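# Descriptive analysis of the structure
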Amino acid sequence: MTTTIKCGILICVCYISGYLMVRASVGSVRRAVAEHVGSKVKVRSNLGRHKYDVTEGVITETYPCIFLVQVKNAEENSYQTVSYSYTDVITKDVQLTLC
């Protein structure tokens, strides 16, 4: 078993029968996101059918099941708060990159 850090999230990497298995728990993702509250991040979210939305924002708050990211709306010069769940990060529907 090898331990690596990817995007600030502790992930356990296991080699089983020649296959690479990656395990992350909700608790480890929650702690990693909580450490970066106030940090600027790039959020890549899966919209389905091979479509992705990439935005930049700031992690504002964390809760037991979700975290909030405040993104700037370029068209209206206003801010919008978007919520994501920690399980979205585990299933790679949402990918976070520190800016």
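Residues numbered from 1 in each chain as written. Predicted model: local features only at pLDDT ≥ 70, side-chain atom pairs only at ≥ 80, totals over all residues. Heavy atoms only, no water.

## Focus on the overall build of the chain
To keep it simple, the criterion reads: Put simply, DSSP marks the helices as runs of H or I at least four residues long and the strands as runs of E at least two long, and each gets a number from the N terminus on. Only protein chains enter the accessibility calculation, which uses a 1.4 Å probe; a residue is then buried when its area is under 20% of its type maximum, exposed when over 50%, and partly exposed in between. Whether two residues are in contact is decided by their heavy atoms, any of which lying within 4.5 Å being enough.
Across its full length, the chain holds 2 helices and 8 strands. For the chain, the sequential pattern of α-helices and β-strands runs β-β-β-α-β-β-β-β-α-β. Classification of the 99 residues of the chain by burial places 23% in the buried group. The long-range share in the chain, meaning contacts at least 24 apart out of those at least 6 apart in sequence, stands at 32%.

## Notes on helix H1 (residues 26-35)
Stated precisely, the cut-off is as follows: This arc describes the spread of directions from the helix axis toward the C-beta atoms.
Within H1, burial applies to Ser28, Val29, Ala32 and Val33. Down the axis, H1 shows its buried residues gathered within 130° of arc, on one side only. Opposite the buried face of H1, by more than 90 degrees, sit the exposed residues Arg31 and Glu35.

## What about the packing of aromatic side chains?
Note the following rule: Pairing of aromatic rings covers Phe, Tyr and Trp, the last through its six-membered ring, and needs centres within 6.5 Å; plane angles under 30 degrees mean stacked, over 60 mean edge-to-face, and all others mean tilted. Either the NZ atom of lysine or the CZ atom of arginine qualifies as a charge over a ring when it sits within 6 Å of the ring centre and within 35 degrees of the ring normal.
In the structure shown here, the tally under the stated rule is 2 aromatic pairs. Pairing Phe67 with Tyr84 gives two aromatic rings, centres 5.9 Å apart and planes at 40°, and the pair type is tilted. Of this pair, Phe67 sits in strand S6 (residues 66-73) while Tyr84 sits in strand S7 (residues 78-85), and the two are 17 residues apart along the sequence. Classification of Phe67 as buried rests on a relative accessible area of 0%. Looking at Tyr84, the relative accessible area reads 10%, which means it is buried. Chaining the aromatic ring pairs together yields one cluster made of Phe67, Tyr84 and Tyr86. We note Arg44 situated over the ring of Tyr52; from NZ or CZ to the ring centre the distance is 3.8 Å.

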